[in-house]
Amino acid sequence: MESGLTLCEKLARSTEVMKEALQGCNPRIGVILGSGLGPLANEILDPIRVPFKEVPFMKTSTATGHVGQFVCGTLGGVEVLAMQGRLHGYEGNSAEEVAYPVWLMASLGVEILITTNAAGAINTSFNVGEFCLMADHINFTGRNPVVGTEPDELAFRFFSMLDAYDPELRALARGVAQDEHLTLREGTYLGLLGPSFETPAEIRAFRMWGADTVAMSVVEEVIAARHHGMRVMGISLLSNMACGVEGASPSDKEVFEVAKEAEPKFCRLVTGIVRAIAAQCL
Ligand code: HPA
C-alpha cells in the first residue's frame, strides 16, 4: 500500500470504484465468510460480484478456498454485502491490509458486521460441527490495525472494546439458533497470526486465560469495525478440537471437511440472523 496517499484518501478511491460496481445496491449488513464457509455466497440472489483485485488498494485472497470477491445481493430477502473469502495476516498482509475491507464496508454504509470463521475448540465441552458465538476476544496476533501516524483521520484512535461483540445481536443469534434447532455455544475467541497451528502447551495456556476457541482471523477485522463504530457479531464453526485436546492434531483437510458438512446448517443460521436483524429493525 505504498501509494503516498493517506488511508482516508485510499478508502475514498476504493469506495468510489465499489459504488460504481454495486449499481445502487446499498446494504446495511456485511458478512465475512471464513474458511470453507464461502459457499453461503452462492445463496445470495441477484448477485453483483466484485473481485478484490478490482478494488484499488485492496489485497487479494491467497488462502485455500477463499475466492476473494465481494458479493452484493439479497440473502433471505435482505440486502447484504458479503466477502467470499478474507485477508489474513499469515498471507503476509499487514494488520491495516487485513482491516481495509472492513473500513471499506463501513464507508459504503455497512453498519452491522457478521464475521465468521472456522475455529478450533479449546473448551472440552464443545463439539466439532457445532457453532460458537464470539462473546469476547483475546487479540494474540501482536498487531492492531489502528496503529499508525494518522488513524484519527478515520476515527478517534482510542476506543472502548467493551461489548465489542454486540450483546443485542448475540441475543438475536441465540434466538435464531433455537428456532432452527442448531447448537450455538458462546465463548471467548483467541485470534493469532498463524499459519502454524498451536502447540498443546499454548492451548493449555490459552485455556487458563479463559479462551474457548482459537483461529487465525477475525480480531483485526473486529478492532477495525469497532474503531469505526460498526456493530459486530462473530460466529465460528468448530471445525476441530484444538491441538492436543483429546489428542487432536488439527489439519487444513479436517477444517474443510467439517465446513463442507456444516454448510447447510451454516446457511440456515446466517440467513436466519440476517432476516431477524431486518425484521427487528436493528
Ligand atoms: N487453530 C488455529 N486456527 C484454526 C484452527 C485451530 O485449531 N481451526 C481452524 N482454524
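Structural data are supplied above this passage.
Because the structure is predicted, anything quoted here is derived from the model rather than measured. (Residues numbered from 1 in each chain as written. Predicted model: local features only at pLDDT ≥ 70, side-chain atom pairs only at ≥ 80, totals over all residues. Heavy atoms only, no water.)

**What about the overall build of the chain?**
Move 1: For the chain, the helix and strand inventory stands at six helices and nine strands.
Move 2: Relative to the globule expectation of 19 Å for 282 residues, the C-alpha radius of gyration of the chain, 18 Å, shows essentially globular dimensions.
Move 3: For the chain, the spread of C-alpha atoms along the principal axes amounts to about 50 × 40 × 35 Å.
Move 4: Residue burial in the chain is summarised as follows: out of 282 residues, 55% are buried.
Move 5: The long-range share in the chain, meaning contacts at least 24 apart out of those at least 6 apart in sequence, stands at 82%.
Move 6: Split by element, the accessible area of the chain, about 11,800 Å² in all, is 51% carbon and sulfur.
Move 7: Both charge centroids of the chain, one from 22 positive and one from 34 negative side chains, sit 2 Å from each other. (Helix = DSSP H or I, 4+ residues; strand = E, 2+ residues; numbered from the N terminus. Rg over C-alpha atoms; globule rule 2.2 N^0.38 Å. Buried < 20%, exposed > 50% of the residue type's maximum accessible area, 1.4 Å probe, protein only. Contact = heavy atoms within 4.5 Å. Areas by Shrake-Rupley, 256 points an atom, 1.4 Å probe, with all protein chains shown as cover. Lys, Arg positive; Asp, Glu negative; His and termini not counted. Charge placed at Lys NZ, Arg CZ, Asp CG, Glu CD.)

**Considering the pairing of strand β3 (residues 69-75)**
Move 1: Buried residues dominate β3, accounting for six of its seven residues.
Move 2: Two elements, strand β2 (residues 45-51) and β3, share five bridges in a ladder whose sense is antiparallel. Pairing of Arg49 across the sheet is with Val71, part of β3.
Move 3: Across seven bridges, β3 lies against strand β4 (residues 78-84) in antiparallel orientation. Bridge assignment links Cys72 to a residue of β4, and that residue is Leu81.
Move 4: Between β3 and β4, which pair antiparallel and follow one another directly, the connecting turn spans two residues, one of which, Gly76, has a positive phi of 60°. (Pairing = 2+ DSSP bridges.)

**Considerations on the packing of aromatic side chains**
Move 1: Overall, the coordinates contain six aromatic pairs when judged by the stated rule.
Move 2: Aromatic side chains Phe52 and Phe70 sit 5.1 Å apart centroid to centroid with 65° between the ring planes, which places their arrangement in the edge-to-face category. A residue pair is termed long-range when its members are at least 10 positions apart, and Phe52 in the loop between β2 and β3 and Phe70 in strand β3 qualify at 18 residues.
Move 3: Phe52 gets classed as buried once you look at its relative accessible area, which sits at 0%.
Move 4: Judged by centre distance (5.9 Å) and plane angle (70°), the ring pair of Phe156 and Phe158 falls under edge-to-face. Neither residue differs from the other here; Phe156 and Phe158 are each classed as exposed. (Phe/Tyr/Trp six-rings, centres within 6.5 Å; stacked < 30°, edge-to-face > 60°.)

**Digging into the site of the ligand**
Move 1: Surveying the vicinity of the ligand reveals the residues Ala118, Ala119, Gly120, Phe197, Glu198, Val214, Ala215, Met216, Ser239, Asn240, Pro250 and Val255.
Move 2: Backbone polar atom of Ala118 to a nitrogen atom of the ligand: 3.4 Å apart, as the coordinates give it.
Move 3: Between the ligand and Glu198 there is a distance of 2.9 Å, counted from a nitrogen atom to a side-chain nitrogen or oxygen.
Move 4: Expressed as a share of its isolated accessible area of 260 Å², the protein-covered part of the ligand is 94%.
Move 5: Counting only elements with at least two residues in the shell around the ligand, the list comes to β5 (112-121), β8 (213-215) and β9 (231-241). (Near = heavy atom within 4 Å. Polar contact = N/O pair within 3.5 Å; in protein donor to acceptor, adjacent residues only side chain to side chain.)

**A closer look at unusual backbone geometry**
Move 1: In this model, Gly194 is joined to Pro195 through a cis peptide bond whose omega is 0°.
Move 2: Tracing the sequence through the fold places Pro195 in the loop between β7 (184-191) and α4 (200-209).

**With respect to the pattern of salt bridges**
Move 1: Throughout the structure, instances matching the rule amount to 12 salt bridges.
Move 2: Among the salt bridges present, the one from Arg174 reaches Glu186, with a minimum N-O distance of 2.6 Å. Pair noted here: Arg174 is in helix α3 (residues 167-179) and Glu186 is in strand β7, with a separation of 12 residues, a long-range link.
Move 3: On the basis of relative accessible area, Arg174 is assigned to the partly exposed category, the value being 39%.
Move 4: Among the residues examined, Glu186 registers a relative accessible area of 29% and is labelled partly exposed.
Move 5: A cluster of three or more residues bridged by salt bridges with shared partners is formed by Asp166, Glu168 and Arg231. (Salt bridge = Lys/Arg side-chain N within 4 Å of Asp/Glu carboxyl O.)

**So, the nonpolar core**
Move 1: Ranked by size, the top nonpolar core spans 41 residues in total, and within it Met18, Leu22, Phe70, Leu81 and Met105 carry the most contacts.
Move 2: Of all the secondary structure elements, the ones that give two or more residues to this core are α1 (7-22), β2, β3, β4, α2 (95-107), β5 and α5 (219-227).
Move 3: Examining the composition of this core, we find that seven residues originate from one element, α2, more than from any other.
Move 4: For Leu22, the residues in contact, after removing those within four places along its chain, are Ile48, Val50, Cys72, Leu81 and Leu108. (Core = buried A, V, L, I, M, F, W, Y, C linked by side-chain atoms within 4.5 Å.)

**Here's the deal with the environment of Ala248**
Move 1: With respect to the element layout, Ala248 can be found in the loop between β9 and α6 (252-279).
Move 2: The spacing of Ala248 and Asn127 is 121 residues in sequence and 12 Å in space, taken between C-alpha atoms.
Move 3: Excluding anything up to four places from it in sequence, Ala248 contacts Met241, Ala242 and Cys243.

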